[in-house]
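A look at the structure
Residues per chain are reported as follows:
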Amino acid sequence: MHIDVVTIFPDFFRSPLQTSILARAQQAGLVTIQIHDLRTFTEDKHRVVDDYPYGGGPGMVMKAQPFLAATETLRADSADGTPVIFFTPQGRPLTQQRVCEFSEYQHLILLCGHYEGVDERARQAVVTEEVSIGDYVLTGGEPAALVLIDALVRLVPGVLGNESSTESESFAKGLLEHPHYTRPAELDGMRVPEVLLSGHHEQIRRWRRKHSLRRTLTRRPELLRTAELTEEDHKLLAEIKQQPQKEPQEPTQASGDI
Ligand code: 6GU
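Predicted, not measured: the structure shown is a model, and the values here were computed from it.

To continue, consider the nonpolar core. Formed by 28 residues in total, the largest nonpolar core has its most connected members in I3, L110 and I149. For this core, the secondary-structure elements that each account for two or more residues are strand 1 (2-7), helix 2 (20-27), strand 5 (84-93), helix 4 (96-102), strand 6 (107-112) and helix 6 (142-153). Sort the elements by how many residues they give to this core and helix 6 lands first, with 8 residues.

In this section: the environment of T218. Positionally, T218 belongs in helix 8 (residues 201-219). Residue classification places T218 among the partly exposed residues on the basis of a relative accessible area of 43%. Along the backbone, T218 and H46 are 172 residues apart, and their C-alpha atoms lie at a distance of 55 Å.

As a further point, take the confidence of the model for the protein. One rule of thumb: low pLDDT means the predicted coordinates there are not for detailed reading. On average, residues of the protein carry a pLDDT of 93, and 91% of them reach 70 or more. pLDDT under 50 marks residues 250-257. Its contacts with residues more than four places away, or in other chains, come to 15 contacts.

Between R183 and P184 the backbone carries a cis peptide bond, its omega angle lying at 5 degrees. Relative to the helices and strands, P184 is located in the loop between helix 7 (165-168) and strand 8 (186-187). Residues other than glycine seldom take positive phi values, yet R47 does so here, at roughly 55 degrees. Looking at the element boundaries, R47 is found in the loop between strand 2 (32-37) and strand 3 (50-51). Accessibility expressed as a relative area gives 38% for R47, which makes it partly exposed.

Okay, the sheet that holds strand 6 next. Read across the sheet, 5 strands follow the order 2-1-6-5-7 without closing on themselves; strand pairing throughout is parallel. Among the strands making up the open sheet, the edge pair consists of strand 2 and strand 7 (129-132). When the angles between neighbouring strand axes are averaged without regard to direction, this sheet yields 35 degrees. Those strands touched by helix 3 (residues 64-75) are strand 1, strand 2, strand 5 and strand 6, and its axis lies near 165 degrees from that of strand 6. Each of strand 1, strand 2, strand 5 and strand 6 touches helix 6; the most contacted strand, strand 6, lies at about 160 degrees to it.

Quick look at the site of the ligand now. Close contacts around the ligand come from F87, T88, P89, V131, S132, I133, G134, Y136, L138, G140 and A144, and that covers them all. Between the ligand and the protein, one listed contact pairs a nitrogen atom with a backbone N or O atom of Y136 at 2.5 Å. Bound to the protein, the ligand loses 95% of the 290 Å² it would expose on its own. Those elements that place two or more of their residues in the shell around the ligand are strand 5 and strand 7. It is strand 5 that provides the largest number of residues to the shell around the ligand, a total of 3 residues. Partitioned by chemical class, the residues of the shell around the ligand number 7 nonpolar, 4 polar and no charged.

A word on the packing of helix 8 against helix 9 (residues 231-242). At a minimum axis distance of 9 Å, the contact between helix 8 and helix 9 shows a crossing angle of 65 degrees. For the element pair helix 8 and helix 9, the recorded crossing hand is right-handed. Residues R205, R206, R209, K210, L213, R214 and L217 of helix 8 form the contact with helix 9, whose participating residues are E232, D233, L236, L237, E239, I240 and K241. By residue class, the composition of the contact of helix 8 with helix 9 is 5 nonpolar, no polar and 9 charged.

What counts and what doesn't
- Residues numbered from 1 in each chain as written.
- Predicted model: local features only at pLDDT ≥ 70, side-chain atom pairs only at ≥ 80, totals over all residues.
- Heavy atoms only, no water.
- Core = buried A, V, L, I, M, F, W, Y, C linked by side-chain atoms within 4.5 Å.
- Buried < 20%, exposed > 50% of the residue type's maximum accessible area, 1.4 Å probe, protein only.
- Helix = DSSP H or I, 4+ residues; strand = E, 2+ residues; numbered from the N terminus.
- pLDDT = per-residue confidence, 0-100.
- Contact = heavy atoms within 4.5 Å.
- Pairing = 2+ DSSP bridges.
- Axes fitted to C-alpha atoms, helices over the stretch in contact; angles between N-to-C directions.
- Near = heavy atom within 4 Å.
- Polar contact = N/O pair within 3.5 Å; in protein donor to acceptor, adjacent residues only side chain to side chain.
- Areas by Shrake-Rupley, 256 points an atom, 1.4 Å probe, with all protein chains shown as cover.
- Nonpolar A, V, L, I, M, F, W, Y, C, P; charged D, E, K, R; others polar.
- Left-handed = near helix turned anticlockwise from the far one by under 90°.

Set out below in structure tokens:
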């Protein structure tokens, strides 16, 4: 996978792309990420990327020309149909489903905007997808681009050591994850649920599924409408509704509760 990012703040990406899994994925050659300074695509002496809005009003608007030139250059030896993604709170909300779809492409071009917005003609002419990462306002598209890059890279085969960890995690199957514990078995009087220490694989599986359902019901009940639920899940949900419990889990009272 190759990802091109166009931004007026290339430095924003330096540390995150050189850290942890994003760094390793690039070193292993599983993904290439190139950050391009939008100013290098300007055509005037002062490398201006913004201007006053026609019609007046506060704030500045990013000029279309540098985005058009950048996209033309970056698409030059790319397959037709390469997504050109523009980050804006007006975009389609990003979901794991959408990340999976983007991960099928060999090449992605990410455009980061700033100020009050970008000249509408850049959006019309080159942008194929507008993406938002949530209902709040950022200073610019860069943090959103980084979020998409992170979510994409971990789906590239070989990037995560354990491929099955992308399977069981939140959202992959439409439910939130069950609670996790590691040593010690007791910490300041808080005990790990006994079933997890029992070695009974079937009981552990059932406990985890139940607590995954409980978390989802408590925190994100709307996800249960679209999750794939088995007959066992419906039974577990019925049990859960009979046994109201505080969230987050209280480890001390979970023993025997499977
Ligand atoms: Cl993609 N950009 C900006 N500026 N703000 C946002 C966003 C994007 N997604 C949520 N808020």
